[in-house]
Amino acid sequence: MNFADSEIVNSILIEDGMTVAPDPESADVILVNTCSIRENAETKVWNRLKELKTIKKTNSDLTVGVLGCMAERIKDRIIEEENLVDIVVGPDAYRDIPRLLAEVDDGRKAVNVLLSLEETYADIAPVRTTGNGVSSFVSIMRGCDNMCSFCVVPFTRGRERSRPLESILKEIQQLSDEGYKEVTLLGQNVNSYKDGENTFTTLMDAASLINPEVRFRFSSPHPKDFPDDLLYLIAERPNLCNYIHIPAQAGSDSMLERMRRPYTRKQYLSLTEKMREIIPGVSLSTDIIAGFCGETEEEHNGTMTLMKEVGYDLAYMFAYSERERTLAYRKFEDDVPEEIKKRRLSEIISQQMEIQKERNLTEIGTHHLVLVEGTSKKSEDQVSGRTDTNKIAVFDRRDFQKGDYVEVEVTDCTSATLIAKPIRKTTISEFYGAAVEA
Ligand code: SAH
Ligand code: SF4
């Protein structure tokens, strides 16, 4: 999401006459876009700011800004503790950056952390200078009203609001015209997307018709209200990827209740079963928190068994990190000792690695459609890309280019990667057309 936000900021600054500097040393302005979701995300930013101090020493005219959730959460601390920071801008105030920069020119510190009920940056065409030119993010809504008890997002990103459908479709059309092949639609709870009569399903429907050779993913839906009609649409449309990220957070009812996640383990499991029934071969991923307030060994086991039962293809796993202002901060105690949190998290991670390896082994011999994203990290002679099911696949380069769709056969795997043999360059329509005939 921050990646997408930085592209919006890029656009605003370029519109104002600025250009992107080749490196931090030659920049006049350095803006750090920040995340507050966990303590270690903020620690990274404090470290980055320390690094920037060295640059400021050699360039006293340098303006340094902090953008995003940290700006929103701890504006005073940033200004007071870091003599370095000149401007502080919250996630809804990016349009104001040119004015704030002008204020700094007059020697003042400039701050705008006002949250908005309407801002979606709908009319701003993001300028994509850092992506791979093949896959891209499109933000469809901002903020969150869910108030999960552990989460700071509703406080830093404000109320939930959806971006008008037409502006989203226009941006996707533009990406398609520029040659992008994959778009991930972003929101904190995409299921609650709403623009008049339009729902997230009608948005996905319209988006998928723009260009049958551009494929779509989304992140994140919430398990409490995942719509059935979207599952049928994904099953039917070749360019809606057979991959769903469906964050569970925990596996026991008592823990889900404390987390204010309004579903039970049973409801969650029947949702994932339904996903697998309606979309054969769908891959599923999740977010999990270990060591949330009051977590018992039994509740931890609940998370472990849920993960085993679902058999996720991928999981993002975190130790609980207490965030000020949240309900958990106000009402509960962060009472699971650090070493127990760590032990539980590592149990969760090692079980997940085993599950992934097992699942990937069953892929050997199967064929997938991979979108080539670039050179493989390990070898210049290989390219890497993702399957429709969001697994990383690597295979011989031959004369494949970034942005090509390639049919591959899986020959081997690790827990994180499919090793494959390329069969032929193809298209979505050709690959799935043939699959349907077969
Ligand atoms: N809106 C998305 C989540 C966005 S935050 C959703 O509800 O699915 C991404 C992930 O960060 C969350 O799913 C959660 O697993 C994790 N997270 C959020 N707050 C956290 C905290 N205080 N400590 C640890 N992990 C947290
Ligand atoms: Fe945070 Fe919950 Fe909103 Fe996701 S749905 S951003 S976890 S409050």
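Up top you'll find the structure we're talking about.
In this text, all values refer to a predicted model and were calculated from it rather than measured experimentally.

**Q** Can you lay out the site of ligand 1 for me, pointing to particular residues and giving the numbers?
**A** The local shell around ligand 1 holds 15 residues, among which Arg38, Gln188, Gln249, Asp287 and Ser321 are the closest. In this structure, a nitrogen atom belonging to ligand 1 sits 3.0 Å away from a main-chain N or O atom of Phe150. Computed on the free molecule, ligand 1 has an accessible area of 550 Å², of which 90% lies beneath the protein chains in the complex. The set of elements that each furnish at least two residues to the shell around ligand 1 consists of β11 (283-290) and β12 (314-319).

**Q** Describe a positive patch on the surface, listing the residues and the values that go with them.
**A** On the surface, a cluster of positive charge is contributed by Arg260, Arg325, Arg330 and Lys331. Note that Lys331 resides in helix α13 (residues 327-331). Taking relative accessible area as the criterion, Lys331 reaches 61% and is therefore assigned exposed.

**Q** Provide a residue-level description of the sheet that holds strand β3 (residues 87-89), including the pertinent values.
**A** Strand order in the open sheet formed by four strands is β1-β2-β3-β4, and the pairing between neighbours is parallel. The open sheet has two edge strands, β1 (29-34) and β4 (110-112), and neither has a second partner. When the angles between neighbouring strand axes are averaged without regard to direction, this sheet yields 15°. Relative to β4, β3 runs parallel, the two being bridged by three bridges. Bridge pairing in β4 places Ile87 opposite Ala110. Set on the sheet, helix α1 (residues 2-15) makes contact with β1 and β2 (63-68); between it and β1 the angle comes to about 150°. Of the strands in this sheet, β1 and β2 are in contact with helix α2 (residues 39-58), which crosses β1 at around 175°.

**Q** Lay out the sheet that holds β12 with the relevant residues and their values.
**A** Judged by pairing direction, the sheet is parallel, and its three strands sit side by side in the order β10-β11-β12 without closing on themselves. Edge positions in the sheet fall to β10 (243-245) and β12, since each has one partner strand and no second. Within this sheet the neighbouring strands show an average axis-to-axis angle of 10°, counted without direction. When β10 meets β11, the two strands line up parallel, connected through three bridges. Across the sheet, the residue bridging to His245 is Ser285, located in β11. Contacting β11 and β12, helix α14 (residues 338-361) runs over the sheet at an angle of about 175° to β12.

**Q** Could you give me a rundown of unusual backbone geometry, with the residues and numbers involved?
**A** For residues other than glycine, phi is negative in most cases, and the peptide bonds are mostly trans. Ser220 follows Ser219 through a cis peptide bond whose omega is -5°. The residue Ser220 is located in the loop between β9 (215-219) and α9 (228-236) in this model. Not every positive phi belongs to a glycine, and Gln249 is a case in point at roughly 75°. Summarising the element assignment, Gln249 is placed in the loop between β10 and α10 (253-258). A residue is classified by how much of its surface remains accessible, and Gln249, at 7% relative accessible area, is buried. You will see that Arg260, though not glycine, has its phi angle at about 60°, which is positive. Mapped onto the fold, Arg260 is located in the loop between α10 and α11 (265-278). Residue classification places Arg260 among the partly exposed positions, given a relative accessible area of 46%.

**Q** Please provide a residue-by-residue account of helix α5 (residues 97-105), values included.
**A** Every buried residue of α5 is accounted for by Ile97, Pro98, Leu100, Leu101, Glu103 and Val104. Lining the buried residues of α5 we find α1, β1, β2, β3 and β4. Following α5 by one or two positions, Gly107 has its phi on the positive side, about 90°.

**Q** Just give me the short version of the packing of aromatic side chains, but keep the residues and values in it.
**A** Under the criterion given, the structure shown has 10 aromatic pairs. Consider the rings of Phe3 and Phe137, whose centres lie 5.9 Å apart with planes at 75°: the pair is edge-to-face. Highlighted residues: Phe3 in helix α1 and Phe137 in strand β5 (residues 135-139), separated in sequence by 134 residues. A residue is classified by how much of its surface remains accessible, and Phe3, at 41% relative accessible area, is partly exposed. Taking the centre distance of 5.7 Å and the plane angle of 15° together, the rings of Tyr94 and Tyr121 count as stacked. Pair noted here: Tyr94 is in the loop between β3 and α5 and Tyr121 is in the loop between β4 and β5, with a separation of 27 residues, a long-range link.

Thresholds applied
Residues numbered from 1 in each chain as written. Chains lettered and ligands numbered in written order. Predicted model: local features only at pLDDT ≥ 70, side-chain atom pairs only at ≥ 80, totals over all residues. Heavy atoms only, no water. Near = heavy atom within 4 Å. Polar contact = N/O pair within 3.5 Å; in protein donor to acceptor, adjacent residues only side chain to side chain. Areas by Shrake-Rupley, 256 points an atom, 1.4 Å probe, with all protein chains shown as cover. Helix = DSSP H or I, 4+ residues; strand = E, 2+ residues; numbered from the N terminus. Patch = residues over 30% accessible without salt bridge, like charges linked within 9 Å, V, L, I, M, F, W, Y side chains within 5 Å. Salt bridge = Lys/Arg side-chain N within 4 Å of Asp/Glu carboxyl O. Lys, Arg positive; Asp, Glu negative; His and termini not counted. Charge placed at Lys NZ, Arg CZ, Asp CG, Glu CD. Buried < 20%, exposed > 50% of the residue type's maximum accessible area, 1.4 Å probe, protein only. Pairing = 2+ DSSP bridges. Axes fitted to C-alpha atoms, helices over the stretch in contact; angles between N-to-C directions. Contact = heavy atoms within 4.5 Å. Phe/Tyr/Trp six-rings, centres within 6.5 Å; stacked < 30°, edge-to-face > 60°.

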